[in-house]
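This is what each chain is made of:
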Amino acid sequence: MSIERLSETNCFGGRIGFYRHASSSNNCDMQFSVFVPPQAAAGKVPVLTFLSGLTCTEENFMVKSGAQRVASELGLMLVSPDTSPRGDDVPDDPDKDYDFGLGAGFYVNATQAPWSRHYHMYDYVTQELQALIFDNFPGDASRHGLTGHSMGGHGALTIGLRNPDMFRSLSAFAPICTTLHSPWGQKALGYYLGADTATWADYDASEVARRSGDVTAYDSIRVDQGADDPFLKEQLKPELLEAACKESGLPLDLRIHDGYDHGYYFISTFVEEHLRFHAKRLGA
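Residues numbered from 1 in each chain as written. Predicted model: local features only at pLDDT ≥ 70, side-chain atom pairs only at ≥ 80, totals over all residues. Heavy atoms only, no water.

(A) Quick peek at the pairing of strand 4 (residues 45–51). The element strand 4 is largely enclosed, with a buried count of seven among its seven residues. Looking at chain direction, strand 4 and strand 6 (residues 139–148) are connected through six bridges and run parallel. Bridged to T49 within strand 6 is L146. Across three bridges, the pairing between strand 4 and strand 5 (residues 77–81) is parallel. Residue pairing for strand 5: V47 is matched across the bridge by M77. (Buried < 20%, exposed > 50% of the residue type's maximum accessible area, 1.4 Å probe, protein only. Helix = DSSP H or I, 4+ residues; strand = E, 2+ residues; numbered from the N terminus. Pairing = 2+ DSSP bridges.)

Here it is, written out as structure tokens:
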């Protein structure tokens, strides 16, 4: 699968790059970013994929999180895809709002027209991106972790719990823990999947967690949440994820931090802890 290099530069002894390719999943060009640590010169390294949130692209995590310094120390490759299909032919929010359409793919496979032609972010992350990374970069597919923020935290939890054979470690920053009970999720899945909410269960992190009691791939699932997050009560609802994990027996480590909001100051504060959490489980 061919990729186009948009830019590359050295970073903390490794190499960071931004790339574009023609996506068969989403029927458009897609972009993604990769940080390759210096340890890759000696062989394949473990990989941590970060799924970003609403309005974000493949740049946000790489530019704002400050993760490369610690990833270089630990020998972790970092991967961050764009959050949705893009292009002149890709339909956007009818009202031009930020919480649906371009930049808001919600990591689902849309079934409703006109979204179903392009919005297949679940397949993109679990199939196409896997091939792109492990065919073109020195990553070890047997040592792959998954994390994300907000909408991307929802994506990380649902994808990670549904694909425990693909990932060995799982975490999230301020995830949308329910799409069934979040205005963001209700709007997006209503468009992408239709009015029958029974079809939404595979893309609701709490519902997936509730029925994932047989998942033993993760000895701990790390979730960090800011107590001063303005979206906490209406949109994110970590208490529903906590209840679901208690019901199924999943090992959730939910940490609430006073004084932190929803943004990248919060992520950059705790990103080192997440990287070390994943590195320990990936054998970095």
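(B) Just helix 4 (residues 151–162), in detail. Given a rise of 1.5 Å per residue, twelve residues ought to cover 16 Å, and the 17 Å separating the end C-alpha atoms of helix 4 matches this to within 8%. Of all twelve residues in helix 4, eleven are buried; the element is thus mostly enclosed. (Expected span 1.5 Å × (residues − 1).)

(C) Broad picture of the environment of L129. Counting through the fold element by element, L129 comes out in helix 3 (residues 121–136). A residue is classified by how much of its surface remains accessible, and L129, at 2% relative accessible area, is buried. Taking the C-alpha atoms as reference points, L129 and A284, separated by 155 residues in sequence, lie 22 Å from one another. Not counting residues up to four positions away in its chain, the partners in contact with L129 are F32, T49, V79, P81 and Y124. (Contact = heavy atoms within 4.5 Å.)

(D) Local environment of the pattern of salt bridges. For the structure on display, the rule yields 20 salt bridges. Among the salt bridges present, the one from R69 reaches E272, with a minimum N-O distance of 3.4 Å. Placement of the pair is R69 in helix 2 (residues 68–74) and E272 in helix 9 (residues 264–282), with a sequence separation of 203 residues. In the salt-bridge network here, residues are joined through shared partners; they are R69, E73, E272 and R276. (Salt bridge = Lys/Arg side-chain N within 4 Å of Asp/Glu carboxyl O.)

(E) Up close: the environment of P164. Relative to the elements of secondary structure, P164 occurs in the loop between helix 4 and strand 7 (169–173). Residues P164 and Y218, spaced 54 residues apart in sequence, show a C-alpha to C-alpha distance of 7.9 Å. Among all residues touching P164, those that are not within four sequence positions of it are V215, A217 and Y218.

(F) Examining the sheet that holds strand 5 more closely. Taken in spatial order, the nine strands make up an open sheet running 1-2-3-5-4-6-7-8-9, and their pairing is mixed. On the outer flanks of this sheet lie strand 1 (4–11) and strand 9 (252–257), each paired with one strand and no other. When the angles between neighbouring strand axes are averaged without regard to direction, this sheet yields 20°. Bridging between strand 2 (residues 14–23) and strand 3 (residues 28–36) involves nine bridges; their strand directions are antiparallel. Note on strand 3: the bridge partner recorded for G17 is V34. Along the sheet, helix 3 contacts strand 2, strand 3, strand 4, strand 5 and strand 6; its crossing angle with strand 3, the most-contacted strand, is approximately 55°. (Axes fitted to C-alpha atoms, helices over the stretch in contact; angles between N-to-C directions.)

(G) Geometry of the packing of aromatic side chains. The tally for this structure, following the rule as stated, stands at 18 aromatic pairs. Residues Y260 and F266 carry aromatic rings whose centres are separated by 6.3 Å and whose planes lie at 55° to one another, so their mutual orientation is tilted. Here Y260 falls in the partly exposed class, since its relative accessible area comes to 28%. Here the aromatic residues F50, F61, F173, Y260, F266 and F270 are joined through ring pairs into a cluster of three or more. Positioned over the ring face of Y203 is R162, at 5.2 Å from the centre of the ring. Note that R281 overlies the ring of F277, its terminal NZ or CZ placed 3.9 Å from the centroid. (Phe/Tyr/Trp six-rings, centres within 6.5 Å; stacked < 30°, edge-to-face > 60°. Lys NZ or Arg CZ within 6 Å of the ring centre and 35° of its normal.)

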